[in-house]
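Fold and geometry: a report
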Amino acid sequence: MPLTSHRRLVVSATLIAALAAGVAPATSASAAAPQAPAVPKTADTAPAPDMEGVVAALNAARANGAPGAMARFSGPGGVQSRAVGVRDRVNGTPMDVRSRFRIGSVSKTFSTVVLLQLVQEGRLTLDSPVNTYLPGLLPDDRITVRHLLTHRSGLADYTDPMFANTVPGFESVRNRVFGYQELVDLSLALPRTTEPGVSYKYSNANFVVVGMLIEKLTGRPVADAYQRRIFKPLKLRDTSYVHPETRIAGRHVRGYLYPDAAGDPLVDSTEQTVSWAQSAGAVISSPADLNTFTKALMRGRLLSPAMMDAMTTVTPTDATNTRFYGLGLRRYDLSCGAQVYGHTGTVQGFYTYAFSTRDGKRSLSAMANSSNRGAVNTALGGTLEAAFCGKKPAAATASRADRDFSSLPAERDLPERR
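Summary of the structure given here. Bear in mind the structure is a predicted one, so any value in this text is a computation, not a measurement.

A cluster of basic side chains, namely K235, R237, R299, R301 and K361, defines a positive patch on the protein surface. Mapping R299 onto the fold places it in the loop between α11 (287–298) and α12 (305–311). Assessed through its relative accessible area of 45%, R299 is described here as partly exposed.

The following block contains the structure:
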């Protein structure tokens, strides 16, 4: 279908009021007032990417246990790519930035774009109860569509008990095919984490329900919505949603899962259904396609200005004042003042970062082929500082050092035991 045209230049007063509803102003991450979208940093004042720093971050990911890592930066000066290590431990094939891989929770941003397009088309509203569209699904009529997209529904994350023992948990679902309702039932069997709208609590269950909404409103599988609304219009030829097929077609990276016990061998987790995630994390892509997607999104090629304002209005996810969440979208505030939007991704064997500046002029995608190894994820996050902030002064100020995003433990999209 054709790309969505710009419809309005501002968000309506009712939308702005809805964004603030149910969230009391406070300084804590759990109950902070939303922040309006920031004024983009212009390319004229943006520093050149520090590709040596990017490589250092990739090597740090490798030193902490990833067999390989790669990153692709796209900006006014062109495309620069870097890769270290291997994409296959058995045959020693070097990491290749043209390869495809599982992007995990970066899929949530794709799902959000589809749902917000449906909002634009008048098929649902953000502040209506989910049960309006999926009658009787949830036990609380106060849970709205917006609560799902902002991780403020209170629905428990069923992946916590599912992967309490990392490798046995994974092997129990590697080839299993779940229905959406089964996953929702797993969540509802657990205690709720918060009252609707009160606080941020990341949960894959939210985006399982998003997938259900997409399929109910379109009458088609979510794969069809991705293809017609995003993959085809943006010519994302390396991006696919093949659930429940287990293979990654074409040139691809093999992913490796760390067991919980130190010293146990890594598990090749490349082939799996990812049915435990589906619309929360089962998309496959490549660095180039992720750059194209995040840039197009930020430039307004997929959503109207009103929807983009809603999507990029954020609240904190922790107390660092550097990490925020909007509608299916993270914002990270880096040490140099740059603000970047996108998502992180974790699926067994892969960590991913896919971010762009708000004007869409600069984007970075990075991947390391291991998981259940938090130090790898944190090290990979250092690519953001290097790419968007450039080289640090020889004597960096204390304030900048304190706010260096690279020094913060990575946010987790799945439970991790190591």
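With antiparallel pairing, nine strands are arranged side by side in an open sheet as β3-β2-β1-β13-β12-β11-β10-β9-β8. Both edges of this open sheet fall to β3 (93–94) and β8 (315–316), since each of them pairs with a single strand only. Sheet topology note: the strand β9 (residues 323–325)/strand β10 (residues 330–333) ladder contains three bridges and is antiparallel. Residue R323 lies in a different strand from β10, and its bridge partner there is Y332. Its contacts with the sheet place helix α13 (residues 374–389) against β1 (68–75), β10, β11 (339–347), β12 (350–357) and β13 (363–368), and it is angled at close to 20° to β12.

The next thing to look at is the sheet that holds strand β5 (residues 256–257). Pairing between sheet strands relies on hydrogen bonds along the backbone, with the strands arranged either parallel or antiparallel. If you walk across this open sheet you meet the three strands as β6-β5-β14, and the pairing is mixed. Unpaired on one side and paired on the other, β6 (267–268) and β14 (370–371) mark the two borders of the sheet. Examined bridge by bridge, β5 and β14 share two bridges and lie parallel to one another. Directly across from Y256, in β14, lies its bridge partner S370.

Taken across its eight residues, β1 has eight buried, putting it largely inside the fold. Here β1 shows two buried faces, one formed by G68, M70, R72 and S74 and the other by A69, A71, F73 and G75. As defined by bridge partners, β1 adjoins strand β2 (residues 78–88) across eight bridges and the pair is classed as antiparallel. What sits directly across from A69, in β2, is V84. Joining the antiparallel neighbours β1 and β2 is a turn of two residues. Where β1 lies against β13, six bridges are found, and the strand directions are antiparallel. Looking at the pairing, A71 lines up with A366 of β13.

The rules we used
Residues numbered from 1 in each chain as written. Predicted model: local features only at pLDDT ≥ 70, side-chain atom pairs only at ≥ 80, totals over all residues. Heavy atoms only, no water. Patch = residues over 30% accessible without salt bridge, like charges linked within 9 Å, V, L, I, M, F, W, Y side chains within 5 Å. Areas by Shrake-Rupley, 256 points an atom, 1.4 Å probe, with all protein chains shown as cover. Salt bridge = Lys/Arg side-chain N within 4 Å of Asp/Glu carboxyl O. Lys, Arg positive; Asp, Glu negative; His and termini not counted. Charge placed at Lys NZ, Arg CZ, Asp CG, Glu CD. Helix = DSSP H or I, 4+ residues; strand = E, 2+ residues; numbered from the N terminus. Buried < 20%, exposed > 50% of the residue type's maximum accessible area, 1.4 Å probe, protein only. Pairing = 2+ DSSP bridges. Contact = heavy atoms within 4.5 Å. Axes fitted to C-alpha atoms, helices over the stretch in contact; angles between N-to-C directions.

Note that every value here comes from positions in space, so none of it alone points to a role or purpose.
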